[in-house]
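Close look at the chain arrangement
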Amino acid sequence: MPAQLISQPNPPPDPSLLPDSVLDYAVKLNTTNFLSPEELSAVKQFRRAADYIAAAMIFLNDNVLLEEKITHDQIKPRLLGHWGTCPGLIMVYAHLNRIIRKTGLDALYVVGPGHGAPAILSCLWLEDSLGTFLPDYPRDRLGLKRLISRFSVPGGFPSHINAETPGAIHEGGELGYALSVSFGAVMDNPDLVVACIVGDGEAETGPTATAWHAYKYIDPAESGAVLPILHVNGFKISERTIFGVMDDKEITALFTGYGYQVRIVSDLPNLDNDLAASIEWALAEIKKIQHAARTGNPIAKPRWPMIVLRTPKGLSGPKVVHGEFVEGSFHSHQVPLPLAKTSDDELNSLQDWLSSYKPEELFTKEGAPVDAVLSIIPEVNSKKLGQRKESYAAYKPLITPEWQDICVTKGSQESCMKAVGRFLKEVIKENPSSFRIFSPDELVSNKLDAVFDVTGRNFQWDIASRAQGGRVVEILSEHTCQGMLQGYTLTGRTGLFPSYEAFLGIVHTMMVQYSKFSKMAVETTWRQPCGSLNYIETSTWTRQEHNGFSHQNPSFIGAVLNLKPRFARVYLPPDANCFLSTVSHCLRAKNYVNLMVGSKQPTPVWLSPEEADQHCIAGASVWKFASVDDGVDPDVVLVGLGVEVTFEVIAAAALLRKYVPELRVRVVNVTDLMILANTGLHPHSLTEDAFKALFTEDRPIHFNYHGYPIELQGLLFGRPNLGRITISGYSEEGTTTSPFDMMICNHTDRFSVAINAIRAGARFNSKVAVDSHEKCSYLGHLKQKEREYILENGKGPKVER
């Protein structure tokens, strides 16, 4: 069975075994004649016009007003697009327009079914937002022809919503994130309502499933509101959806349990009145909740409104094609008439379909929409869904404290995260309504708890934290944290996502989708900069020996390295002072994906604030204090990239001074990973001369790297004389053991580093070569003894005491 078999269009779900009394929880409204005849007619005409344009965009390259009978030549050579979701998206857009024009509502529209771009582009053209940002698409015949003919063709509009779409704050290429992005957007935007339409296929994803709970992190006194609209049209690409086979009782029970007031819109003969009444009801409920909170009488556990919109998939499209149901089935999901270019039957069906909208009644001879269509569009440009400042020009730079004031004394021991926590505490004090931390339930575990001196969590269903203005969102869903961070960032604010290193990879594809949006946004001239996505990886594999192998995974570094170099930044600050410099920089930077990797355990502070500043500006430097003769004329270069692995490099240098004093060692630390990329491949890449100055022209280099060695190999590719380089890093070896044994397992310990140095240096220093085998054997013996000590005593080895 290649696709779902259905016996009727828009098949109803089987009845559930729940009692009918469950439906008492669903909101009942009187929708009869809710709209005036003029409003109803205008809404219907707007919908017809937008439906017509959306359908034409999929098929036509000419004859866009149907002034003659369609010919095969007027059909695009390749038919792309997703029709099935478009009528529902347009319906919601039309009703949002009406209410914005009527009340002046401040709203954004976030579209979960991302491939419904024809629907949104058609509405943007009708309201003249497309022409405002893209002058090639004026609201006339020429603009309409360009819009229709350039959709889903090379060099034209893509088939999904992206940063080129006015009003968009969400990349439509991957399903599941719309709802969490919407909740991030309304945080600290008290007057904003985000209408978020969630497709019933999208609603099957894990990220969406948790995001339904996100309103429990919205304080109505300080933030706006999300109006979720679950669009149940029953089908995905070739099968029915889970929500499509749930009856009203099951859907009501589910979302009532989540804490929503559920309004089901399904009166097909009366859809526009039904939806109009439901949206006005929802906005009134939102206002009631917000008014209570803002007048000092907050409602505990307020039941926020949501709408379930039940419509046939592909509503108003072809009913039956070649004996198969189309409207109300999965056959309408993408292109309902895929053979229109070559089949006379399908071409005739397309003619009938597009003609049914009566475009001659909707557009003037000059191609402009008629007055009735325009009559529900907001009159003030800044109120239009495609021209909201929040979506493209709302960036508010953070006020960051002087990080040097928070530094610790060189030579002391300090946790990088403890120092960063103190810095973030000051950031929160300086930016009480434009900075938030989005974290899984790990903030205290990751030693960032100093922020709780000045703020709290904002879990509104917890009596201890509700209505306290907390700047910390802690929810055990990396997906929801990521979505909220994206929405918060793209609407002009700045956030931070700290996480256990091993589990940040859960949001890998979300981060990639965001970076695609960011890339297109930078290349879109009318979008202004926004803040960066800022990640802190801590609880790293080097100190996750107690939690075991499952908690040992630095792969998110590689995920960021694979991004477009212009937008990717990876930092491995070696101590607390360097980390303070780095996080201060990242919170001020714009349009990047910043990944910072550090340790929560106390580690040596190698550099003073002034030295840390210079080191971080350079991205790497020779550490003279750990080198022989300040690193001049070395036999071998040892490089540390990461907190603990750098510690082992310095310890290895000390071993070498003791056991092989003839070996001339230079120690280099790299804090900005991207400088290692071949010259010209990344904005931070070292020039050839700078690379030679740091690493010499021909001496062996051994990298002790926090991540996977293959990542560093790829980054260094293209640098000259790579045969002299060896790399140690995480090699997927680990268990529940001691911290030092984790280093031994992955050959990043001081003994392994020292052995590598002797073998490499022996090629250039005959004094070292004479005894190299003996010295390497002895250091290997010491390493084995340390491992035996660990296994025998069940605790750290002698070198750690």
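In the block above lies the structure referred to throughout.
Described below are features of the structure shown in this document. (Residues numbered from 1 in each chain as written. Predicted model: local features only at pLDDT ≥ 70, side-chain atom pairs only at ≥ 80, totals over all residues. Heavy atoms only, no water.)

Bringing the pairing of strand E12 (residues 533-538) into the picture now. When you tally the buried positions in E12, you get six out of six residues, the bulk of the element. A two-sided burial pattern is seen for E12, the buried positions comprising Leu533, Tyr535 and Glu537 on one face and Asn534, Ile536 and Thr538 on the other. Here strand E11 (residues 494-500) pairs with E12 via four bridges, running parallel. Paired with tyrosine 500 across the strands is threonine 538, a residue of E12. In this fold, the crossover linking E11 to E12 by way of helix H15 (residues 508-523) has right-handed handedness. (Buried < 20%, exposed > 50% of the residue type's maximum accessible area, 1.4 Å probe, protein only. Helix = DSSP H or I, 4+ residues; strand = E, 2+ residues; numbered from the N terminus. Pairing = 2+ DSSP bridges. Right-handed = clockwise from strand over helix to strand, strands pointing away.)

A complete count under the given rule lists zero disulfides for this structure. No disulfide involves cysteine 196; its sulfur sits 16 Å from that of cysteine 123, the nearest cysteine. (Disulfide = S-S within 2.5 Å.)

Moving on, we get to the packing of aromatic side chains. One pass over the full model with this rule turns up 32 aromatic pairs. Between the aromatic rings of tryptophan 83 and tryptophan 353, the centroid separation amounts to 5.0 Å while the plane-to-plane angle is 75 degrees, which identifies the pairing as edge-to-face. In this pair, tryptophan 83 is assigned in the loop between helix H1 (37-59) and helix H2 (86-103) and tryptophan 353 in helix H10 (residues 344-355), connecting sequence segments 270 residues apart. Note on accessibility: tryptophan 83 and tryptophan 353 belong to one class, buried. Aromatic pair phenylalanine 740 and phenylalanine 751: ring centres 6.2 Å apart, planes at 80 degrees, arrangement edge-to-face. Here the residue phenylalanine 740 occupies a position in helix H22 (residues 739-745), and phenylalanine 751 occupies one in helix H23 (residues 750-761), the gap between them amounting to eleven residues. For phenylalanine 751, a relative accessible area of 3% corresponds to the buried category. Ring-pair connections join several aromatic residues into one group, and the members of that group are Trp212, Tyr215, Phe243, Phe255, Tyr258, Tyr260 and Trp461. (Phe/Tyr/Trp six-rings, centres within 6.5 Å; stacked < 30°, edge-to-face > 60°.)

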